[in-house]
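Architecture at a glance
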Amino acid sequence: MANLKASIIEKIKVDGAWKSVPVKVPKSKPNGKGLYLKDRREGNFLLVWREGGQKQYSNYIRSLPEAIRAKEQKELYLASLANGLKVEDPTEGKTRPTVDAAIDEFLIGLSGRGNTVPTYKQNLRQFQHWNSGIARAKKIYLDQIDRQHIMASKKHLETDVDVHNDEYTAAWKCIRVNKMIKTILKLGPGQGPVKKSDFSDVLNRKPVVTTYRKDERDKFLATCKGVEIIIWTLFLKCGLRLKELSHLEWKDIDFARHIIRINRKKVNDGDKVVEFTPKKWSIRDIALPADLTAALEERRIQSKSNLVFPTRTGRINTKLWDQCKKIAKKAEVDIAKFKPKNFRSSYATNRLRNGYTLADIRDQMGHRDIHSVEHYLEAMRSEELVSSGRADAGWD
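A short tour of the structure in this document, coming up. (Residues numbered from 1 in each chain as written. Predicted model: local features only at pLDDT ≥ 70, side-chain atom pairs only at ≥ 80, totals over all residues. Heavy atoms only, no water.)

**Some details on the overall build of the protein chain**
Tallying secondary structure elements over the protein chain gives 14 helices and ten strands in all. Computed over its C-alpha atoms, the radius of gyration of the protein chain comes to 30 Å, more than 25% above the 21 Å expected for a compact globule of 396 residues. The dimensions of the protein chain, computed from C-alpha atoms along their principal axes, are 95 × 70 × 40 Å. Scored against the burial criterion, the 396 residues of the protein chain give a buried share of 39%. Of the contacts made within the protein chain by residues no fewer than 6 positions apart, 58% connect residues no fewer than 24 positions apart. A total accessible area of about 23600 Å² is found for the protein chain, and carbon and sulfur atoms account for 50% of it. In the protein chain, 76 positive and 50 negative side-chain charges are present, and the distance between their average locations comes to 5 Å. (Helix = DSSP H or I, 4+ residues; strand = E, 2+ residues; numbered from the N terminus. Rg over C-alpha atoms; globule rule 2.2 N^0.38 Å. Buried < 20%, exposed > 50% of the residue type's maximum accessible area, 1.4 Å probe, protein only. Contact = heavy atoms within 4.5 Å. Areas by Shrake-Rupley, 256 points an atom, 1.4 Å probe, with all protein chains shown as cover. Lys, Arg positive; Asp, Glu negative; His and termini not counted. Charge placed at Lys NZ, Arg CZ, Asp CG, Glu CD.)

Shown next as structure tokens:
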């Protein structure tokens, strides 16, 4: 049960040192005319109460009568909050936005191109869920969120088995939470709980490229059954993103030109229509290998859905990652290694070995610039130094 009591303490100087002394509320006059004269004194008084699991202190109050009135108002305020009411804190003189209300307000006013709005919505709702039910010290008000709380949420994102974000992704989620706080509280540059420079080491670090050896790919694909073979071969040979494949429709495939068209569109998802926008507006044409073109043409003849890979009920398949992990477990390969992101890495390094330029990789994978794909080339060169024996040569 929430603590609805506020206490008064007085700061007094004893032997040259300041000490906090609890103050007992004195009795009032029986005629209702306030305190006795001896209790109408001045001093350095503060209110102390618990809110959001933490001890809170008011500003200094210069007289005991004022402190008692502030105590009564604060306790009424805490009782109203406990009953779910949004009220103004009389001791603050303004309404302090709660975390939940602030997130709602920010998302209502948010606009942007591509996946900006969905990304912020997912990140902030994830933070809201963590703050309200998982965090050790829940923050009720937005201005209570500090650097320690933000960093605790980052650690959760990286270590929770159901989330397990890499450090780069977790850092960007924290930056977006910080942007929301600064926007709602109208803070200036550098005034949020964290700064982008707090994550500079992570953000400037080159991505780790994880690829599959041929024996790993063969074991994984050999375990696939039916349409699974087409799905994961398509990931491997075309470098699609997860949502690009799950939202893929037959109208997106040009069988005559051997092309997959990734575009912004509306997709029939069972009995409803959803909008799909490629990540970072990466609208593009992807080259489709001949063996996959033939396999897809055969599948199209039997299909009754607008989607290429629907669920059994004709909906968009949102469980591809889970299915990937199940196949990897059955194939007895490293489950942590087999994920759609690493299929893209394997695609990029394989194509670079077989004549694609960095510009080709950028365009086919939907990146904005050459710098976004240079790490694939660097990873491939490191592998080649080892496989060619040059890394071991000349040490005799």
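Picking up where we left off.
**Thoughts on the side chain of N131**
Tracing the sequence through the fold places N131 in helix α3 (residues 116-133). Residue class for N131 comes out buried when judged on its relative accessible area of 2%. In this structure, N131 is in contact with V99, A137, K138, K139 and H149, ignoring residues within four places of it in sequence.

**So, helix α12 (residues 340-353)**
Along its 14 residues, α12 runs 20 Å from first to last C-alpha, staying within 8% of the 20 Å computed at 1.5 Å per residue. The buried fraction of α12 amounts to ten of the 14 residues, a majority that puts the element mostly inside the structure. By the burial criterion, the buried members of α12 are P340, N342, F343, R344, S345, S346, Y347, A348, T349 and L352. Positive phi shows up at G355, right after α12, with a value of about 105°. (Expected span 1.5 Å × (residues − 1).)

**Some thoughts on the pattern of salt bridges**
For the structure shown, the criterion picks out 26 salt bridges. Across the pair E167 and K154 runs a salt bridge, and its minimum N-O distance is 3.4 Å. Of this pair, E167 sits in helix α5 (residues 167-185) while K154 sits in helix α4 (residues 147-159); the two residues are 13 residues apart in sequence, bridging distant segments of the chain. Under the relative-accessibility criterion, K154 is labelled buried at 10%. (Salt bridge = Lys/Arg side-chain N within 4 Å of Asp/Glu carboxyl O.)

**Side note on the environment of H164**
Residue placement: H164 occurs in the loop between α4 and α5. In this structure the C-alpha to C-alpha distance between H164 and L64, which are 100 residues apart in sequence, comes to 52 Å. Every residue in contact with H164, bar those within four places of it in the chain, is listed here: L157 and E158.

**With respect to the packing of helix α8 (residues 227-238) against α12**
Any two packed helices are characterised by the angle at which their axes cross and by the distance between the axes. Remark: α8 packs on α12, axes separated minimally by 6 Å, with the N-to-C direction vectors making an angle of 45°. It follows from the interaxial angle that α8 and α12 lie oblique. Between α8 and α12, the residues in contact are W232, F235, L236, K237 and C238 and P340, F343, S346 and Y347, respectively. The residue inventory of the contact of α8 with α12, partitioned by class, reads seven nonpolar, one polar and one charged. (Axes fitted to C-alpha atoms, helices over the stretch in contact; angles between N-to-C directions. Parallel < 35°, antiparallel > 145°, perpendicular 65-115°, else oblique. Nonpolar A, V, L, I, M, F, W, Y, C, P; charged D, E, K, R; others polar.)

**Describing the environment of L234**
Here L234 is to be found in helix α8. In sequence terms L234 and L245 are eleven residues apart; their C-alpha atoms lie 8.5 Å from each other. Sequence-distant contacts of L234, defined by excluding residues within four places in its chain, comprise G239, L240, L245, L248, I260, L288, L292 and F309.

**Quick word on the state of the cysteines**
Tallied over the entire structure, the rule returns zero disulfides. Free cysteine: C224, not disulfide-bonded; nearest cysteine sulfur from C324 at 8.4 Å. For C224, a relative accessible area of 6% corresponds to the buried category. Judged by relative accessible area, which is 0%, C324 ranks as buried. (Disulfide = S-S within 2.5 Å.)

**Considering α4**
With 13 residues, α4 should cover 18 Å at 1.5 Å per step; its first-to-last C-alpha distance of 18 Å lies within 8% of that length. If you follow the buried residues of α4, they end up packed against α3 and α5.

**Looking at the pairing of strand β10 (residues 284-287)**
Across the two faces of β10 the burial differs, with R284 and I286 buried and D285 and A287 not buried at all. Note: strand β7 (residues 259-262) against β10, four bridges, orientation antiparallel. By the bridge assignment, I259 is partnered in β10 with A287. (Pairing = 2+ DSSP bridges.)

**A few points about the side chain of S246**
With respect to the helices, strands and loops of the structure, S246 is situated in helix α9 (residues 242-246). Given the relative accessible area of 6%, S246 is considered buried. Polar side-chain contacts of S246 include one of 3.2 Å to the backbone oxygen of K243. Contact partners of S246, with chain neighbours within four places excluded, come to L307, I316, N317 and L320. (Polar contact = N/O pair within 3.5 Å; in protein donor to acceptor, adjacent residues only side chain to side chain.)

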